[in-house]
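# Fold and contact review
If you want the building blocks of each chain, they are given just below.
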Amino acid sequence: MSSPGDEALEPGSDTVRPSTSSSPETDATSGSIITVTIGATVPTGFEHTAAEEVKEKIGVDARISKDRGRIYFPITTDKLFQVHLLRSVDNLFVVVEQYDHYQFKESKEETLTELQQLASKLPWTDALEVWKLNRTLKKKKGHRKGGNPAKVKPNSDASDAVAADAEQQELPQVSSTAEDQTEVESVPELETCEQDGQEAAPEAKVIKFRVTCNRAGDKHSFSSNEAARDFGGAVQEFFQWKADMTKFDIEVLLNIHNEEVVIGIALTEESLHRRNISHFGPTTLRSTLCYGMLRLCKPQESDVILDPMCGTGAIPLEGAIEFNSSFYIAGDNNDMAVNRTVNNILHFQKRRADKGSAPGLPIDTVQWDLCNLPIRTSSVDIIITDMPFGKRMGSKKKNWDLYPSCLREMARVCRPGSGKAVLLTQDKKCFSKAISRMGGLWRKLHTVWVNVGGLHAGVYLLKRTAAVFGQTPEDVHESRGMAEM
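Everything numeric here is computed off the predicted structure, so don't read it as measured data.

### What about the overall build of the protein?
Counting its secondary structure elements, the protein contains 12 helices and 15 strands. Expressed as a percentage of its 485 residues, the buried residues of the protein come to 52%. Contacts spanning at least 24 positions in sequence make up 79% of the contacts within the protein whose residues lie at least 6 apart. Just so you have it, the protein exposes about 22200 Å², and 48% of that area is on carbon and sulfur atoms.

Structural data, given as structure tokens:
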């Protein structure tokens, strides 16, 4: 896309005209199939993995954004339902317009004025058609009650637009009719639109909206709040919608990354990474991140896959659902973690049974000592786990003893020559030292750098060497040390 100049901002044939008597919900759809661009937020570091899944399951090529954690791909509206089945994406939105090199004005006032003018000159039609179709699909599927929405402070300016903080990582939830209301924490309750509808009947229901700005870059003269406020005010004036920060029908997204600007409409009420877990622990992984880790090790039919530090069971549960031709063993030394894993498995099985699907999953759960696993030597094909970072769980000091010991025990149970391990940790220095000590048993193949709750962590893909356990110099030295202890 070219940067918006005077000509680029002229209303096109697809530009929506404002209307006070109708809304996107009440307008009749044409029923024709159109092609639009879908944007998706994905776990940072696994953009290529998400692009591979889109190519594999939808058959189109995805473009990875300059802003890490986002991909874009074209779809036809008859395939919209397939987009919600992707396992690697957190949130979805339909793109209204995007600019690769948006030329911002030097002064704040000029830039904000240009954003106000931009709102009325965008091609909204196709995006609003997709939003309507998406609501129809969700009503057929049934409303899913979500977790906590992103908390956003109301803006006191006249526009009543709402902006999210620049650091906000999850798209907020969208709510509409009374039966679709989601739970909101730490946000005051507002009057429902039903009361307005009773007073204004028989007029059409007024659409409620909010604008969320996600901004990255240090060369902008404006803040996220200011951009959302002024752009949102122009959207409100153009469509005659009503601004509402919690019980909105439409969420307009203003994503700014340096010179890249993308305007979109949200299609997800809650992040799709919440799909499996009902009993959360202190360090529960996103299901989307678990999926990326699983794809990294390419599970094969009949593989035995082990998570020796399963926590809430997020990794093996995602694997048992998506890669169900393998068998998963989830274990932990903490009885509370084991209970959470069991409860999550039972809860998911119940959901399946309620829908009439077979509830069984190829997964089992055990409580054990991590450094003395009750598993035969060379019997596991893949080990995949989230190791303690030494922050919320464990400590950096304990990791210096824990990491070498658990890598040695993992090497014992993993098949020599063919076995693999995918290990996530933020304690990079300690992990590198432990790998060097186990050089005869493990070989590092690849590292994916990811963002886990704001922490810069590494997902390490290791391959088990062909060395026989107990016969490498490193392992013999380690064994003597353990015996002396």
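### Looking at helix H10 (residues 396–413)
Compared with the 26 Å implied by 1.5 Å per residue over 18 residues, the 25 Å span of H10 between its first and last C-alpha is a close match. Taking the largest bend as the criterion, H10 deviates by roughly 35°, centred on Leu-402, and proline Pro-404 comes between one and four positions later. Listing the buried residues of H10 in full gives Asn-399, Tyr-403, Pro-404, Ser-405, Cys-406, Leu-407, Arg-408, Glu-409, Met-410, Ala-411, Arg-412 and Val-413.

### Overview of the sheet that holds strand S5 (residues 208–216)
Spatially, S2-S3-S1-S4-S8-S7-S5-S6 is the arrangement adopted by the eight strands of the open sheet, whose pairing is mixed. For this open sheet the edge positions go to strand S2 (63–64) and strand S6 (242–243), each flanked by a neighbour on one side alone. Contacting S2 and strand S3 (70–76), helix H1 (residues 47–57) runs over the sheet at an angle of about 10° to S3. With respect to the sheet, helix H6 (residues 224–239) is in contact with S5, S6, strand S7 (250–257) and strand S8 (260–266), its orientation differing from that of S5 by roughly 145°.

### Overview of the packing of aromatic side chains
Where two aromatic rings form a pair, the distance of their centres and the angle of their planes describe that pair. The tally for this structure, following the rule as stated, stands at 12 aromatic pairs. Residues Tyr-72 and Phe-93 carry aromatic rings whose centres are separated by 6.0 Å and whose planes lie at 80° to one another, so their mutual orientation is edge-to-face. Separated by 21 residues along the polypeptide, Tyr-72 in strand S3 and Phe-93 in strand S4 (residues 91–99) bring together distant segments of the chain. The burial state of Tyr-72 is the same as that of Phe-93; both residues are buried.

### Some details on the side chain of Thr-41
You can see Thr-41 is positioned in strand S1 (residues 35–41). Setting aside residues no more than four positions away along its own chain, Thr-41 makes contact with Gly-69, Arg-70, Val-89, Asp-90 and Asn-91.

### Section: the pairing of strand S13 (residues 420–425)
Most of S13 sits out of view: five of its six residues are buried. Bridge count between strand S12 (residues 382–386) and S13: five bridges; the pairing is parallel. Pairing of Ile-382 across the sheet is with Lys-420, part of S13. Note: S13 against strand S15 (residues 455–464), six bridges, orientation antiparallel. Each residue of the ladder has a partner; that of Leu-424, found in S15, is Val-459.

### Section: the pattern of salt bridges
The tally for this structure, following the rule as stated, stands at 18 salt bridges. Ionic pairing is found between Arg-87 and Glu-318, a salt bridge with its closest N-O pair at 3.1 Å. One end of the pair, Arg-87, is in the loop between helix H2 (80–83) and S4; the other, Glu-318, is in helix H8 (residues 314–322), and 231 residues separate them in sequence. Of the two residues, Arg-87 and Glu-318, both sit in the buried class. In this structure, Glu-129 engages Lys-132 in a salt bridge whose closest nitrogen and oxygen atoms are separated by 3.0 Å. A residue pair is termed a helical-turn pair when its members lie 3 or 4 positions apart in one helix, as Glu-129 and Lys-132 do in helix H4 (residues 125–141) at three residues. A relative accessible area of 9% places Lys-132 in the buried class. Counted as one network, the salt bridges with shared partners bring together Glu-53, Lys-57, Arg-87, Arg-275, Glu-318 and Glu-322.

### A look at the nonpolar core
Ranked by size, the top nonpolar core spans 54 residues in total, and within it Ile-38, Phe-73, Trp-124, Phe-231 and Ile-263 carry the most contacts. The element that contributes the greatest number of residues to this core is H6, accounting for seven residues. Excluding residues that lie within four positions of it along the chain, Phe-73 makes contacts with Val-36, Thr-37, Ile-38, Ala-40, Val-54, Ile-58, Val-60, Asp-61, Ala-62, Val-83 and Leu-86. In terms of nonpolar packing, the next biggest core, distinct from the first, is built from 33 residues, Ile-277, Leu-294, Leu-317 and Val-459 among them.

### Quick word on the environment of Lys-420
Tracing the backbone shows Lys-420 in strand S13. Residue classification places Lys-420 among the partly exposed residues on the basis of a relative accessible area of 22%. Those residues within four positions of Lys-420 in sequence are excluded, and the remaining contacts are Cys-297, Lys-298, Asp-381, Ile-382, Ile-383, Cys-414, Trp-442, Leu-462 and Lys-463. For Lys-420, the side chain forms a polar contact with the main-chain oxygen of Cys-297, separated by 2.7 Å.

### Some thoughts on the sheet that holds strand S9 (residues 304–307)
Spatial ordering of the open sheet is given by S11-S10-S9-S12-S13-S15-S14, a layout of seven strands whose pairing is mixed. At either margin of the open sheet sits one strand with a lone partner, and together these are strand S11 (363–367) and strand S14 (442–452). Direction aside, neighbouring strands of the sheet carry axes that sit 20° apart on average. Along the sheet, helix H9 (residues 335–354) contacts strand S10 (327–332) and S11; its crossing angle with S11, the most-contacted strand, is approximately 165°.

### Observations concerning the side chain of Arg-87
Under the relative-accessibility criterion, Arg-87 is labelled buried at 14%. If near-sequence neighbours (up to four positions away) are discounted, Arg-87 is found in contact with Glu-53, Lys-57, Arg-275, Asn-276, Thr-288, Tyr-291, Glu-318, Ile-321 and Glu-322.

### Considerations on unusual backbone geometry
Even without a glycine there, the phi angle at Asn-258 is positive, about 55°. As for its position among the elements, Asn-258 is in the loop between S7 and S8. Located in the positive-phi region is Lys-298, a residue other than glycine, with phi close to 50°. Looking at where Lys-298 falls in the secondary structure, it is placed in the loop between helix H7 (287–297) and S9. By relative accessible area, Lys-298 is classed as exposed at 55%.

The rules behind these values
- Residues numbered from 1 in each chain as written.
- Predicted model: local features only at pLDDT ≥ 70, side-chain atom pairs only at ≥ 80, totals over all residues.
- Heavy atoms only, no water.
- Helix = DSSP H or I, 4+ residues; strand = E, 2+ residues; numbered from the N terminus.
- Buried < 20%, exposed > 50% of the residue type's maximum accessible area, 1.4 Å probe, protein only.
- Contact = heavy atoms within 4.5 Å.
- Areas by Shrake-Rupley, 256 points an atom, 1.4 Å probe, with all protein chains shown as cover.
- Expected span 1.5 Å × (residues − 1).
- Bend = angle between axes of the 7 residues up to and from the residue.
- Pairing = 2+ DSSP bridges.
- Axes fitted to C-alpha atoms, helices over the stretch in contact; angles between N-to-C directions.
- Phe/Tyr/Trp six-rings, centres within 6.5 Å; stacked < 30°, edge-to-face > 60°.
- Salt bridge = Lys/Arg side-chain N within 4 Å of Asp/Glu carboxyl O.
- Core = buried A, V, L, I, M, F, W, Y, C linked by side-chain atoms within 4.5 Å.
- Polar contact = N/O pair within 3.5 Å; in protein donor to acceptor, adjacent residues only side chain to side chain.

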